[in-house]
Amino acid sequence: MTELQGLRDDVYRRPLATALERLGLGAGWRCVDVGAGGGDVSVALAELVGQTGRIYAVDSDPLARDEVARAAAAHSQVIALTQAGEDLTLPEPVDLAFCRFLLLHVLDPAVVLRRMARAVRPGGWVVAQEPITSAGRVGGLALSMPDAAHPDIGALLPALARDAGLDIVDAWAEAPAGVGPGPVRTYLAELTGVDPGDDPIVLPPLVTVVGRSQAPG
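Remember, it's a predicted structure, so these values are computed and weren't measured experimentally.

> Looking at this model, I keep getting lost on the pairing of strand β4 (residues 94-100). Mind explaining?
On a regular strand, one side chain projects to one face of the sheet and the next to the other, so that they alternate. Judged by how many residues are buried, β4 sits mostly within the fold: seven of seven residues are covered. Sheet topology places strand β1 (residues 30-34) next to β4; four bridges connect them, and they run parallel. Note on β4: the bridge partner recorded for Cys31 is Leu96. Relative to strand β5 (residues 120-131), β4 runs parallel, the two being bridged by six bridges. Among the inter-strand pairings, Cys99 is bridged to a residue of β5, identified as Ala128. Handedness of the β-α-β unit built from β4, helix α5 (residues 109-119) and β5 comes out right-handed.

Here it is as structure tokens:
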């Protein structure tokens with residue numbers, strides 16, 4: 001799990017960096033990383049918000065709390081919570097609610113996005129990044145992810161964010177590509193259990209939606 005997440009951070013690093021740069025994320029921010037997994041994104045957020053900020057690393061898997069604790073040992077501002085996204089409840093409003101590769105696995109993505117929208121302060125941010133799995137290609141053939149409940153949820157993400165009451169500030173899609181040895185091939189082999197060899201690869205486009213909670217008045 002941790003190894004796969006590390007590879008994912010490598011091949012999909014640009015969409016995450018772009019989203020955070022557009023927000024101007026900085027010292028003192030309060031954030032929640034929903035579906036935190038091994039905590040890689042939580043740690044990245046902690047480094048940006050500094051000691052005056054706070055990061056809630058939320059995951060439904062109790063084992064993820066130990067993973068986050070190990071990954072964030074040097075960051076006391078990271079607080080690990082065991083919660084399902086559908087039950088997201090925080091002790092304070094946050095400036096940013098973030099998720100990545102989460103909504104394709106949950107029972108009801110719309111419910112999770114609505115909980116994230118309610119978790120942020122008025123005028124706060126919600127960033128979601130989800131794939132369109134079937135748009136990925138290996139040797140020209142479409143990818144599939146039969147274990148995911150909503151493998152193409154990225155195609156619906158802007159509409160889901162709008163329906164959650166968010167103002168969509170920006171939305172785009174990026175798809176890392178490669179051929180032969182390299183992180184793209186390694187990531188796909190770890191994800192699917194099948195080495196694509198020297199076939200050309202276009203990984204599933206990751207749709208990023210940057211939404212903002214409506215301020216009162």
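From this point, things continue past the structure.
> I tried to follow the pattern of salt bridges on my own but got confused; where do I start?
Should the charged atoms of two oppositely charged side chains come close, the side chains can pair. This model, assessed by the stated rule, comprises eight salt bridges. For Glu92, the salt bridge identified is with Arg30, shortest N-O distance 3.6 Å. In this pair, Glu92 is assigned in the loop between β3 (78-82) and β4 and Arg30 in strand β1, connecting sequence segments 62 residues apart. By relative accessible area, which is 23% here, Arg30 ends up partly exposed. Between Arg70 and Glu67 there is a salt bridge, with its nearest N and O atoms 3.9 Å apart. Residue Arg70 and its partner Glu67 are located together in helix α4 (residues 62-71), separated by three residues, close to a single helical turn. For Arg70, a relative accessible area of 58% gives the class exposed. Owing to a relative accessible area of 26%, Glu67 belongs among the partly exposed residues under this scheme.

> What is the right way to read the nonpolar core from this model?
One recurring pattern in soluble globular proteins is that nonpolar side chains are buried together. Judged by nonpolar contacts, the single largest core of 43 residues is most densely connected at Val32, Leu88, Leu90, Leu103, Leu113, Met116 and Leu203. Sorting the residues of this core by element identifies β1, β2 (54-59), β4, α5, β5, α6 (157-163), α7 (183-192) and β11 (206-213) as the ones contributing at least two each. With six residues, α5 is the largest single contributor of residues to this core. Contact partners of Leu203, with chain neighbours within four places excluded, come to Val11, Tyr12, Gly136, Ala175, Pro176, Val184, Tyr187 and Leu188.

> I tried to follow the environment of Leu102 on my own but got confused; where do I start?
Among the secondary structure elements, Leu102 is positioned in the loop between β4 and α5. C-alpha of Leu102 to C-alpha of Thr18: the two residues are 84 residues apart in sequence and 19 Å apart in space. Leave out the neighbours within four places in its chain, and Leu102 touches Val34, Gly35, Val112 and Glu130.

> When you look at unusual backbone geometry in this model, what are you seeing that I'm missing?
Most peptide bonds take the trans form, and the phi angle of most residues other than glycine is negative. The phi dihedral of Phe101 is positive, around 55 degrees, even though this residue is not glycine. Tracing the backbone through its elements, the reader meets Phe101 in the loop between β4 and α5. When its relative accessible area of 11% is taken as the criterion, Phe101 is described as buried.

> Explanation requested: the packing of aromatic side chains in the structure shown.
Geometrically, a pair of aromatic rings is defined through the distance of the ring centres and the angle of the planes. Taken as a whole and assessed by the stated rule, the structure comprises two aromatic pairs. Here the aromatic rings of Tyr12 and Tyr187 are separated by 6.0 Å at their centres, their planes lie at 85 degrees, and the arrangement is edge-to-face. Pair noted here: Tyr12 is in the loop between α1 (2-11) and α2 (13-23) and Tyr187 is in helix α7, with a separation of 175 residues, a long-range link. You'll find Tyr12 and Tyr187 in the same group, each marked buried. Following the ring pairs from residue to residue traces out a cluster consisting of Tyr12, Phe101 and Tyr187.

> What is the right way to read the sheet that holds β2 from this model?
Within a sheet, adjacent strands bond to each other through the backbone by hydrogen bonds, running parallel or antiparallel. Read from one edge of the open sheet, seven strands run β3-β2-β1-β4-β5-β11-β8, paired in mixed fashion. Here the strands that pair on one side only, and so sit at the sheet edges, are β3 and β8 (166-174). Sheet twist, expressed as the mean angle between neighbouring strand axes with direction ignored, is 15 degrees. Where α2 meets the sheet, its contacts fall on β4, β5, β8 and β11, and the angle it forms with β8 comes to roughly 150 degrees.

> What is the right way to look at the pairing of β2 in this model?
Judged by how many residues are buried, β2 sits mostly within the fold: five of six residues are covered. Once the chain exits β1 it traverses helix α3 (residues 40-49) before rejoining the sheet at β2, and the crossover so formed is right-handed. Across five bridges, β2 lies against β3 in parallel orientation. By the bridge assignment for β3, Ala57 is matched with Ala80.

Rules used in this analysis
- Residues numbered from 1 in each chain as written.
- Predicted model: local features only at pLDDT ≥ 70, side-chain atom pairs only at ≥ 80, totals over all residues.
- Heavy atoms only, no water.
- Buried < 20%, exposed > 50% of the residue type's maximum accessible area, 1.4 Å probe, protein only.
- Helix = DSSP H or I, 4+ residues; strand = E, 2+ residues; numbered from the N terminus.
- Pairing = 2+ DSSP bridges.
- Right-handed = clockwise from strand over helix to strand, strands pointing away.
- Salt bridge = Lys/Arg side-chain N within 4 Å of Asp/Glu carboxyl O.
- Core = buried A, V, L, I, M, F, W, Y, C linked by side-chain atoms within 4.5 Å.
- Contact = heavy atoms within 4.5 Å.
- Phe/Tyr/Trp six-rings, centres within 6.5 Å; stacked < 30°, edge-to-face > 60°.
- Axes fitted to C-alpha atoms, helices over the stretch in contact; angles between N-to-C directions.

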